[in-house]
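Architecture at a glance
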Amino acid sequence: MGNYILALDQGTTSSRAILFDRAQNILAVSQKEFTQYYPREGWVEHDAMEIWSSQYAVMMEVVAQSGVDAGDLAAIGITNQRETTVLWDRHTGRPIHNAIVWQCRRTADLVDQLAAEGLEAHIRSTTGLLPDAYFSATKIKWLLDHVDGAREKARRGDILFGTVDSWLLWKLTGGAVHATDPTNASRTMLYDIRKLDWDDTLLQALDIPRAMLPQVRSSSEIYGYTEIQGARVPIAGMAGDQQAALFGQTCFSPGDAKNTYGTGCFLLMNTGTEPCVSRNGLLTTIAVGLGGKVQYALEGSVFVGGAVIQWLRDELRFFTESRDAEYYARKVEDNGGVYLVPAFTGLGAPYWDMYARGTLVGLTRGTRREHIIRAAQESIAYQVYDLVRAMEADTGLPLNQLRADGGASRDRFLMQFQADILERTVRRPAIRETTALGAAYLAGLAVGLWRDLDELRQLWICDTSFRPAMDPGRRASLLSGWHKAVGRSRDWAR
Ligand SMILES: Nc1ncnc2c1ncn2[C@@H]1O[C@H](COP(=O)(O)OP(=O)(O)O)[C@@H](O)[C@H]1O
Ligand SMILES: O=P(O)(O)OC[C@H](O)CO
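Below is a short write-up of the structure. (Residues numbered from 1 in each chain as written. Chains lettered and ligands numbered in written order. Predicted model: local features only at pLDDT ≥ 70, side-chain atom pairs only at ≥ 80, totals over all residues. Heavy atoms only, no water.)

**Topic: helix α2 (residues 108-116)**
Structurally, the α-helix is built with 3.6 residues per turn, so residues lying three or four positions apart point the same way. Our working rule: Burial classes: relative accessible area under 20% of the type maximum marks a residue as buried, over 50% as exposed, and values in between as partly exposed (1.4 Å probe, protein chains only). Only DSSP runs of H or I with at least four residues qualify as helices, and only runs of E with at least two residues qualify as strands; both kinds are numbered from the N terminus onward. This arc describes the spread of directions from the helix axis toward the C-beta atoms. We call two residues in contact when some of their heavy atoms are within 4.5 Å.
The complete set of buried residues in α2 reads Ala108, Leu110, Val111 and Leu114. Considered in projection along α2, the buried side chains sweep an arc of 160° and stay on one side of the axis. Here the buried face of α2 lies against α3 (120-127), α4 (136-146) and α8 (200-206). Once α2 ends, the next one or two residues include glycine 118, with phi positive near 80°.

**Some remarks on the nonpolar core**
Put simply, the rule is: We call a set of buried Ala, Val, Leu, Ile, Met, Phe, Trp, Tyr and Cys residues a nonpolar core when their side-chain atoms join them within 4.5 Å.
The biggest cluster of nonpolar side chains holds 108 residues, and the ones touching the most others in it are Leu190, Ile208, Met212 and Tyr261. Broken down by element, the residue count for this core peaks at 13 residues, all from helix α12 (residues 369-395). Those residues in contact with leucine 190, other than ones at most four positions away along the chain, are Thr127, Ala137, Ile140, Asp197, Trp198, Asp199, Leu202, Leu203, Leu206, Ile208 and Leu213. Listed in part, the 37 residues of the second largest apolar core include Leu19, Phe34, Leu160 and Trp167.

**Overview of the packing of helix α10 (residues 307-314) against α12**
Using the following cut-off: Every axis corresponds to a line fitted to the C-alpha atoms, with the helix fit spanning only the stretch in contact, and the corresponding angles, defined between N-to-C directions, vary from 0 to 180 degrees. Here the word oblique covers every angle except those under 35 degrees (roughly parallel), over 145 (roughly antiparallel) and from 65 to 115 (roughly perpendicular). Throughout this entry, Asp, Glu, Lys and Arg are counted as charged residues, while Ala, Val, Leu, Ile, Met, Phe, Trp, Tyr, Cys and Pro are counted as nonpolar. The remaining residues, Gly among them, count as polar.
Across the interface, α10 lies against α12 with an axial gap of 9 Å and an inter-helix angle of 160°. The orientation of α10 with respect to α12, classified from their angle, is roughly antiparallel. In this structure, α10 contributes Val308, Ile309 and Leu312 to the contact, and α12 contributes Ile372, Ile373, Ala376, Gln377, Ser379 and Ile380. Here the contact of α10 with α12 is composed, by residue class, of 7 nonpolar, 2 polar and no charged.

**A look at the sheet that holds strand β23 (residues 462-466)**
Put simply, the rule reads: The criterion for strand pairing is that DSSP finds at least two bridges linking the strands in question.
Strand order in the open sheet made by the 7 strands is β17-β18-β16-β15-β21-β22-β23, with mixed pairing throughout. With partners counted over all chains shown, the strands left at the sheet margins are β17 (283-290) and β23, one partner each. Taken pair by pair, the neighbouring strands of this sheet meet at an average axis angle of 30°, ignoring direction. Of the strand pairs in this sheet, strand β15 (residues 257-261) and strand β16 (residues 265-272) are connected by 5 bridges, and their pairing is antiparallel. Bridge pairing in β16 places alanine 257 opposite methionine 269. Sheet strands touched by helix α9 (residues 241-248): β15, β16, β17, β18 (293-302) and β21 (401-405). Its angle to β17, the strand with the most contacts, is close to 60°.

**Some details on the side chain of glutamine 243**
Basically, it comes down to this: Any pair of N or O atoms that falls within 3.5 Å is considered a polar contact. Within protein, one atom must be able to donate a hydrogen and the other to accept it, and sequence-neighbouring residues count only if both atoms are side-chain atoms.
Summarising the element assignment, glutamine 243 is placed in helix α9. Within polar-contact distance, the side chain of glutamine 243 engages the backbone oxygen of isoleucine 286 at 3.1 Å.

Set out below in C-alpha cells:
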C-alpha cells in the first residue's frame, strides 16, 4: 500500500489538491481559482467542465510538485462545495447547462410553491432541512424544466444528476461510477435522513426521475479507481466540505463543534447517532456515513462569510489582497457606528430569509473606508454569534470552545473579535486545511493508512487560542447594533 493520501478540495471559488503523508504533513498544495458567473441578479453559476479541468490540473500539479511516485498514493479523498447541482449527459460526459451554485436564488419561487403545496413539514421531518433555494432539489427541477428534452432523457437515465463529489468521481473513473455519500445526499432536500434513501414524495412533487440520482454509498470506502501517471489509485473517501471539516477537526463525539470561515460560514456540531431537531432555524444533517451507519450533526449555515472580504476586494476595490482587510480594520478604533449585513443572496440560519439583501447602515459624513472594512469583518463574527446562540438553545449545551478553520480564519483580527463577541475561546488548529484533511482521513481509513478514530484524535494540535477580552457593555451595544441592522435588511427583495 502507498504512503500518501491525495485530498481534492473542490470549493466554491477554487479547486485545490493537497498531498498528505501518514503523519499528516503537507507535502504539496496546488490551487486554482475558477470563473464565477452571475448571469442575473441573485443567480450564480459555475462551468462544470471548468470545475473538472481545474480540479484535474491541481491534482496532477500536486503530484508532480511533490516528487512522490503516483504508485505510492494510497488513495484519493474528495471533498466539495455542497448542494451545487450538475446535470450531465451520460453518453457524452458533458454538462447540459452550467452548474447551479448553492448560493443561487433563482428557484426561490419554486420553494414558495412547495410550501404552498403543504410540503414544508414533510421537508423538515424527512430531510432535516428547511425549504430553501440553497439546496439541490429545486435547482434540479429548474434545469429539467428549462433545458429542452432534459426531463425525458433523465427518465431514461441518459441524464445524470450529481453534486460536485459525484461529478468528479464520475469524471475520475471515466464514467464508470455514479455515486455520492450520505453527507452530500443530505444536502439535496431529496434524501430521507432516517431511512437513508431518496424520498419518493419529494421526487414526485418536483417531477425528478429516480433514474438520474446517484447511488448513496458510505463516506469511506473504495468507490472506484483513477489512473495517475500509469498508477491505478483508489478513490476511497467522499464528504461535503463542511462535514469533511468536522471530521478533519476530529469532532467525532456528540457535542464537538467547529466553524469554517470560507466563502460562507458553517457551524456544525456532532449530535451522535440520533438526529437532533432544531427549533431555532438550524438544519439537521448527516455528519458522516461509516460502515453502514451514520452520525448526525446540527448545522448553521451563513451564505456570505469570507466572501464579504472578496466583495470589498473585487467589487469595491478597497484593497488588492484579502489579507489586507485585517490591516485596514485595525487602523480604526471601532466600526464608527457602521454595520454591514452581507445578505447578498438572502440570509441563511437562523433567519432563513430568501428576500433579505445586503445592507450598509450607520453611515455619517465621518465614515471612512476603514470603517466599512471593519464592519465587513465584524459581520462575519456576528453571523457566527447568531448561529452559536441558536445551537446552544437547541442542544441545551453551552459551547465552551469553538474550533475554527477555513480561509478567513487566517485573519487574527476576526478570530479575536469572534472570541470577544462569543465570550468563548476560539481555537485554531495547527493544520488549517481541515476540510482536505477530513477527506484524507476518510480515504485513509478506508485503505487502512490510519487504524481508527482514536488514532486520528491524537493528531489534532492547537496552533492559537483566542481568548475573550471585550468589555461586556461594549459587546452588548455592538450586538444590539447588529441586530438592528439585520432587521433593516429583511424582506427587501420580495
Ligand atoms: N487573510 C484573510 N483575511 C480575511 N479573509 C480571507 C483571508 N484569506 C482568505 N479570506 C477569505 O476566505 C475565503 C476563502 O476561504 P476558503 O476556505 O479557501 O474558501 P472556499 O472553500 O469557500 O472557496 C474567501 O472568501 C476570502 O475572502
Ligand atoms: O466552498 P465553501 O467551502 O464555501 O463551502 C460551500 C458549502 O459547502 C455550501 O453549503
